[in-house]
Amino acid sequence: MKKDITNMNIIKFNEIETQLQKQCVTIGQFDGLHLGHMELIKRCLTEAKKEGLQPTLITFNPTIDEVLKKDTTRILTLDEMEKRIEKLGFKNFIIIDFNEEIKNMPCHLFIEVLKANLDIRKIIVGFDFTFGRTGIGNVNLLKETFQKDLIVIKKVNKSSKKIGTSLIKQYIKKSKFKKANSLLGYKFYIKPQKKDVFTADNISILQNGKYKVRINGEKKQIEIVNKEIIGVVDTSKIEFIKHLG
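**Q** Explain the packing of aromatic side chains to me, please; I cannot follow it from the model alone.
**A** What characterises a pair of aromatic rings is the spacing of the ring centres plus the angle enclosed by the ring planes. Taken as a whole and assessed by the stated rule, the structure comprises 9 aromatic pairs. Taking 5.7 Å as the distance between ring centres and 40° as the angle between the ring planes, the aromatic pair formed by F188 and F240 counts as tilted. Of this pair, F188 sits in the loop between α8 (177–184) and β10 (189–190) while F240 sits in strand β16 (residues 238–243), placing them 52 residues apart in sequence. In this structure F188 comes out as buried when scored by relative accessible area, which is 1%. Of the aromatic side chains, those joined through ring pairs into one cluster are F177, F188, Y211 and F240. We note R84 situated over the ring of Y186; from NZ or CZ to the ring centre the distance is 4.1 Å. It is K237 that lies over the ring of Y189; its NZ or CZ is 4.4 Å from the centre.

See below:
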């Protein structure tokens, strides 16, 4: 079962009916699409173009952190991820339902299920990618299976710190937006699902209080109380500048 948005297919993994052919795959949480994630994404798109393969990004929903760490906050909603991935040029966006079956699946079986559904010619993962029951599957196990077709992206640092979603969320929670943006590669924002209806996912990362923001290019002020924006906000996107207390 899949739906088309322009040229990208959004596919639920458990609804794949026939094996997808000639795949160049990158797999991970991709929950912030930050600069670390972009290294995997750029390599996947480059390899796909070079080898004449379909570039495919696989992610998990709910995220692994939501299930294992009970952290339900998100930098980007799934819908925002889909739109960004499409603009980058992916042919397929595959969503794995991270349920009890996937969480407890033996790592060797997880690989076999991937291969049964996807004709993987290249696979790109981060150095710390883990999978399978208790996360014991790692890049060494992937290497045994995919050999030269596996590409492992090294840790991406900035100012001696690993670029990661957890660190970015810490910066956002402390209203250190310049630091968060430097790791995201774009300005942290919240965007409504519908006109003036903002999602709690993004807002719940933020402290209560007043903020200096940029709305449609103009600096304005908003207030956030209990995961809600107080007052009228006539915008499709709010970019955060500073917490005013």
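Here the narrative resumes, following the displayed structure.
**Q** What is the right way to read helix α7 (residues 165–173) from this model?
**A** Along an α-helix, residues three or four apart share an orientation, since each turn contains 3.6 residues. For α7, every residue scored as buried is listed here: T165, L167, I168, K169, Y171 and I172. Where α7 is buried, its residues touch α1 (35–51), β9 (161–162) and α8.

**Q** Mind showing me how you'd approach the confidence of the model for the protein here?
**A** As a general rule, the predicted coordinates of low-pLDDT regions are not to be interpreted in detail. Per-residue pLDDT for the protein averages 91, and the proportion of residues at 70 or more is 98%. Looking over the protein, one finds the lowest element-wise mean pLDDT in strand β1 (residues 2–5), namely 45, and the highest in strand β3 (residues 20–27), namely 98. Note that pLDDT drops below 50 for residues 1–5; the model gives that stretch 14 contacts with residues more than four away or on any other chain.

**Q** Explain the state of the cysteines here, please?
**A** Every disulfide links exactly two cysteines, by a covalent bond between their sulfur atoms. Under the criterion given, the structure shown has 0 disulfides. Free cysteine C44: the closest other cysteine sulfur is in C24, separated by 3.8 Å.

**Q** Got a minute to help me understand the sheet that holds strand β14 (residues 218–225) in this structure?
**A** Two modes of strand pairing occur in sheets, parallel and antiparallel, and in both the strands are linked by backbone hydrogen bonds. A sheet is described by the order of its strands in space; here 5 strands give the open sequence β10-β16-β13-β14-β15, paired in antiparallel fashion. The open sheet has two edge strands with one neighbour each: β10 and β15 (228–230). Of the strand pairs in this sheet, strand β13 (residues 209–215) and β14 are connected by 7 bridges, and their pairing is antiparallel. Bridging across to β14, V213 finds its partner in K220.

**Q** Where do I start with the pairing of strand β2 (residues 8–12) in this structure?
**A** Regular strands place side chains that alternate from one sheet face to the opposite one. The buried count for β2 comes to 4 of 5 residues, which makes it a mostly enclosed element. Looking at chain direction, β2 and strand β5 (residues 92–96) are connected through 4 bridges and run parallel. Following the sheet pairing, N9 is matched in β5 by N92.

**Q** Even after reading the chapter, I still don't get the nonpolar core, so can you show me in this structure?
**A** One broad trend across soluble globular proteins is that nonpolar side chains are buried collectively. I222, I238 and F240 are the most contacted members of the largest nonpolar core, which totals 50 residues. Counting residues per element, this core draws most heavily on α1, which supplies 6 residues. In this structure, I238 is in contact with F188, Y189, I190, F198, V213, R214, I215, I222, I229 and V233, ignoring residues within four places of it in sequence. Formed by 30 residues, the second largest nonpolar core is a distinct cluster that contains I58, C107, I111 and I120.

**Q** How should the side chain of K169 be read in this particular structure?
**A** Mapped onto the elements, K169 comes out in helix α7. Residue K169 is classed as buried on the basis of its relative accessible area of 5%. Those residues within four positions of K169 in sequence are excluded, and the remaining contacts are D71, T73, R74, I75 and I205.

Reading the values: rules and limits
- Here the residue numbers are simple positions, counted from 1 along each chain's written sequence.
- Predicted model: local features are reported for residues with pLDDT of at least 70 only, side-chain atom pairs are reported and counted for 80 or more only, and whole-chain, interface and lining totals are derived from all residues.
- The side-chain numbers reported here are obtained from all heavy atoms of the structure, hydrogens and water having been left aside.
- Note on aromatic contacts: the rings of Phe and Tyr and the six-membered ring of Trp form a pair at centre separations within 6.5 Å, being stacked when their planes are under 30 degrees apart, edge-to-face when over 60 apart, and tilted otherwise.
- By definition, any uninterrupted DSSP run of H or I lasting at least four residues is a helix, any uninterrupted run of E lasting at least two residues is a strand, and each is numbered from the N terminus.
- Working definition: with a 1.4 Å probe on protein chains only, accessible area under 20% of the residue-type maximum means buried, over 50% means exposed, and in between means partly exposed.
- Should the NZ of a Lys or the CZ of an Arg lie within 6 Å of a ring centre and within 35 degrees of the ring normal, that charge is described as sitting over the ring.
- Two residues form a contact once any of their heavy atoms are found within 4.5 Å.
- The pLDDT score gives, residue by residue, the confidence of the prediction method on a 0 to 100 scale.
- The criterion for a disulfide is a pair of cysteine sulfur atoms lying within 2.5 Å.
- Two strands qualify as a pair provided that DSSP identifies no fewer than 2 bridges between them.
- Definition used in this section: a nonpolar core is a set of buried Ala, Val, Leu, Ile, Met, Phe, Trp, Tyr and Cys residues joined via side-chain atoms within 4.5 Å.

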